[in-house]
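The residues making up each chain are set out below.
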Amino acid sequence: MEFTFITLLNGLSYGLLLFLLSSGLTLIFSMLGVLNFAHASFYMLGAYFAYAISVKLGFWPALLLAPLLVALLGALVERFGLRHVRRHGQVAELLFTFGLSYVIVELVQLAWGKSALPYAIPKQLDGPLFTFYSTTFPICRGFMMLLALLVLLAASWLLKRSRTGLLIQAALTHPQMVEALGHNVPRIFTLVFAAGCGLAGLAGVVGGNAFVTEPGMAAGVGSIIFVVVVVGGLGSLRGAFLASLLIAILQTYAVALDVSLAGGLAHWGVVLDPDAAVYPLLQLTLAQLAPVLPYLLLVLVMLLRPRGLSGVRD
Amino acid sequence: MRKWIWLVFGLALLAAPWVFPQSAALSLLSQCGSMMILALSFNMLLGQTGMLSFGHAVCAGLAAFAAVHVMNRWAGGSPAALALVPLVGGCAGLLCGAVLGFITTRKSGTALSMISLALVELAAAGALMLPAWFGGESGISTDRVLGAPLFGIDFASQLQVYYLIAVWLFVCAAVMYGLTRTPLGRIANAVRDNPERAAFIGHDPRRVRYLMFMLSAFFAGIGGALTAINFEIASAENLGLLRSAQILLFTFIGGTGYFFGPMIGALVGVLFSALLSTYTRGWQLYLGLLFVIVVLFAPGGIAGVLVRLASVRRLTLSFLLPFLLRSAGLLLLAGGSVFLIEMLYRRTAGL
């Protein structure tokens, strides 16, 4: 009971962080049709900016300023890079953001070095939120969950109910019409891209101290968020939400379980020859398999339901 | 005209070791050769069929492992067998392409890229999990000298390995070029440009993509096996995303719109990374910047720029002056940025 509950909470908090990340990606993809390969790099930049700001001003200003800085960078990238590549098609956009992710990692190493940064959890968030039997749940995880939920609510309200959201949605389906009504469509695109990057930056601010801030953090989470987006269905915010929770919970449970096929077979009385070719495969424990579970899930989803869990478009 | 190009290419391959006889240069040339095959086969996907796959290194890497295992089994064989090891690699690559392609080519465009990316991660992580098959972090080493010399050839010297790679490169390049002239190659171009129309005239775009994916994986397997023969090792990093990214970067910098583009890219890329990495720690940054600049300003790559320059019939002043001015400005900008980046690297190294 204790194990199940705490693992579920850990999974949920990781899942909500994943959602914070993939929501920005989904936003950009569903609105602009750009698959931002550098999205995880913006997440990493968020963590590094937050570290640099929190050293000078403290954590709370960093929580506000770092995502804004990342959003500003995102706006610059859209204005001076993506906009020029767009006429060459989707693959060119993908290639551009891919090259950008490559450059950003190198630049981060140039500025902050290759080793992990001592980006610590602020005092107010350092400590147990509650204790369940003998396991404690840290406040910072709870804060992360709260933040992600707030963003989810704010984003859905902004897109579905507000005037700005109405305009954005109109600009995507009928750009000429919106332009004719006197709105600046390219600027709307820039703003959407900046907002998506800002969300990634926000995830970086909280993810950077909950996990670790180092140059490999973009690569570590980069492919997972693509899995989330594909499994959920491209461009579907609800799908991304479902998939991030599913993947995170699956992974956190798997890490905690130390069972293997060989062990299971031994339980049934089947003893394997260690020299058999498949022995190493059966020997793998679920905990060892945990890092690849999202990818296996993706393959499974692709084979059974190529559109993703709640996808609307290919 | 075209025949002349192939003749020149063959002669260049033959003559290269006599122009650059140093052992370091030979090793570089061998690397260039296998990278050219990889880049050409990658361009079958990106340039000809419009599939941006990140899974290319998986096919090449798994083929390299297959080649290494086969070579270790045949330790007492003959050098003639070694010359056929790339074919084994090709078959392994084909098999790998058949499996990966079945999953990735169900989608097109960006989804295909993402799925292939996930498969790369899966393969790289899986290889590290199974040290019994893939040798863990250190990889599996082998010995390319399989037995007593046959006609004085035993592949112990780098020169002989270079010629092995050169022969395979020439054959593969010729076959891949031939493939672009076949109906399949033409339909692949149609699928790239307008999948709906290709479907209307009765060609299932998914099947065409799948076929091209498998064929490309076959040649990638040959390239991977040649890499394994050259370095006498296959390791899990050959499967990873970085390796795939390298192939992608080289191919695109060379130019995806022309058949010879990827070969230029492989040559430039290997030389760039091998030579520059001895001078500066920032060579990956420069490579990345070069790539971004090519994507932004020269989507045709180096080959595109060369073709455009070659098509200028007369060098008039009105063409030459702005061209020279622009080049000078670019050089100045590049020099300035290089200086700035190097200063920053010095500073972080000092910290």
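In this text, all values refer to a predicted model and were calculated from it rather than measured experimentally.

Digging into the overall build of chain B
So, point 1. When you go through chain B residue by residue, the secondary structure sums to 15 helices and two strands.
So, point 2. Taken against the 2.2 N^0.38 rule, which gives 20 Å for 351 residues, the C-alpha radius of gyration of chain B at 21 Å falls within 12% of a compact globule.
So, point 3. Taken along its principal axes, the extent of the C-alpha atoms in chain B is 65 × 60 × 50 Å.
So, point 4. Looking at chain B residue by residue over its 351 residues, the buried ones come to 51%.
So, point 5. A separation threshold of at least 6 residues defines the contact pool for chain B, and within that pool the share at least 24 residues apart is 81%.
So, point 6. Of the roughly 16300 Å² of accessible surface on chain B, 71% is carried by carbon and sulfur atoms.

Thoughts on the overall build of chain A
So, point 1. Regarding its fold elements, chain A presents 14 helices and two strands.
So, point 2. Its C-alpha atoms give chain A a radius of gyration of 21 Å, within 12% of the compact-globule value 20 Å for 314 residues.
So, point 3. Across its three principal directions, the C-alpha atoms of chain A cover 75 × 45 × 40 Å.
So, point 4. Counting across all 314 residues of chain A, residues that qualify as buried make up 53%.

A closer look at the packing of aromatic side chains
So, point 1. For the coordinates displayed, the defined rule picks out 25 aromatic pairs over all chains.
So, point 2. The interplanar angle of 85 degrees and the centroid separation of 5.7 Å between the aromatic rings of Trp60(A) and Phe143(A) together place this pair among those described as edge-to-face. In this pair, Trp60(A) sits in helix 3 (residues 59–85) while Phe143(A) sits in helix 5 (residues 139–160), placing the two residues 83 residues apart along the sequence.
So, point 3. On the basis of relative accessible area, Phe143(A) is assigned to the buried category, the value being 16%.
So, point 4. Pairwise contacts between aromatic rings join Phe37(A), Phe98(A), Phe226(A), Phe54(B), Phe252(B) and Phe291(B) into one cluster.
So, point 5. Directly above the aromatic system of Phe80(A) lies the positively charged group of Arg79(A), at a separation of 5.2 Å from the ring centroid.
So, point 6. Here Arg106(B) stacks its cationic end above the ring of Phe102(B), 5.8 Å away from the centre of that ring.

Side note on the environment of Leu45(A)
So, point 1. Its location among the elements puts Leu45(A) in helix 2 (residues 39–57).
So, point 2. Residues Leu45(A) and Leu20(A), 25 residues apart in the sequence, show an inter-C-alpha distance of 15 Å.

Concerning the pattern of salt bridges
All names here are of chain A.
So, point 1. Summed over the entire model, instances satisfying the criterion amount to four salt bridges over all chains.
So, point 2. Across the salt bridge formed by Arg-83 and Glu-78, the nearest N and O atoms sit 3.7 Å from each other.
So, point 3. A residue is classified by how much of its surface remains accessible, and Glu-78, at 0% relative accessible area, is buried.
So, point 4. Of the charged contacts, one joins Arg-86 and Glu-93 as a salt bridge, the two residues approaching to 3.1 Å between their closest N and O atoms.
So, point 5. We classify Glu-93 as buried; its relative accessible area is 4%.
So, point 6. One continuous salt-bridge network, built from bridges that share partners, spans Glu-78, Arg-83, Arg-86 and Glu-93.

Details of the nonpolar core
Among soluble globular proteins, nonpolar side chains are generally buried collectively.
So, point 1. Counting 203 residues, the largest nonpolar core has Leu18(A) and Phe96(A) as its most contacted members.
So, point 2. Phe96(A) has contacts with Val77(A), Gly81(A), Leu82(A), Val85(A), Val292(B), Val295(B) and Leu296(B), leaving out every residue within four places of it along the chain.

Points about the UniProt feature "transmembrane region" (unreviewed entry) in chain A
All names here are of chain A.
So, point 1. Under the present numbering, the feature "transmembrane region" (unreviewed entry) in UniProt falls on residues 12–35, 94–112, 132–159, 188–211, 217–234, 241–266 and 286–304.
So, point 2. The span residues 188–211 is 96% helical and 0% strand by assignment, and the distance between its end C-alpha atoms comes to 34 Å.
So, point 3. Secondary structure content for residues 286–304 is 84% helix and 0% strand, while the C-alpha to C-alpha distance between its ends is 23 Å.

Notes on the interface of chain A and chain B
Frequently, the measure chosen for interface size is the accessible area that the parts lose on association.
So, point 1. Every contact between the two is made by 46 residues of chain A and, on the other side, 44 residues of chain B.
So, point 2. Carbon and sulfur atoms supply 81% of the area buried between chain A and chain B, which totals about 3900 Å² over both sides.
So, point 3. Considering only the side of chain A, the residues that lose the most area to chain B are Leu95(A), Tyr102(A) and Leu110(A), jointly responsible for 18% of the buried surface there.
So, point 4. Our count for the contact surface shared by chain A and chain B stands at zero salt bridges.
So, point 5. Taken together, the links from chain A to chain B amount to two residue pairs in polar contact (both at pLDDT 80 or more).
So, point 6. Among the elements of the structure, helix 3, helix 4 (90–112), helix 9 (217–232), helix 12 (279–283), helix 13 (286–289) and helix 14 (293–304) of chain A are those that each provide at least two residues to the side of chain A that touches chain B.

Some remarks on the packing of helix 4 (residues 79–104) of chain B against helix 10 (residues 205–231) of chain B
All names here are of chain B.
So, point 1. At their nearest, the axes of helix 4 and helix 10 sit 6 Å apart, and the two run at 140 degrees to each other. Classified by the interaxial angle, the pair formed by helix 4 and helix 10 is oblique. Relative to helix 10, helix 4 is oriented so that their crossing is right-handed.

Cut-off values and rules
Residues numbered from 1 in each chain as written. Chains lettered and ligands numbered in written order. Predicted model: local features only at pLDDT ≥ 70, side-chain atom pairs only at ≥ 80, totals over all residues. Heavy atoms only, no water. Helix = DSSP H or I, 4+ residues; strand = E, 2+ residues; numbered from the N terminus. Rg over C-alpha atoms; globule rule 2.2 N^0.38 Å. Buried < 20%, exposed > 50% of the residue type's maximum accessible area, 1.4 Å probe, protein only. Contact = heavy atoms within 4.5 Å. Areas by Shrake-Rupley, 256 points an atom, 1.4 Å probe, with all protein chains shown as cover. Phe/Tyr/Trp six-rings, centres within 6.5 Å; stacked < 30°, edge-to-face > 60°. Lys NZ or Arg CZ within 6 Å of the ring centre and 35° of its normal. Salt bridge = Lys/Arg side-chain N within 4 Å of Asp/Glu carboxyl O. Core = buried A, V, L, I, M, F, W, Y, C linked by side-chain atoms within 4.5 Å. UniProt positions renumbered as here; feature names shortened; annotations may be inferred. Buried area = accessible area lost by both parts, 1.4 Å probe. Polar contact = N/O pair within 3.5 Å; in protein donor to acceptor, adjacent residues only side chain to side chain. Axes fitted to C-alpha atoms, helices over the stretch in contact; angles between N-to-C directions. Parallel < 35°, antiparallel > 145°, perpendicular 65-115°, else oblique. Left-handed = near helix turned anticlockwise from the far one by under 90°.

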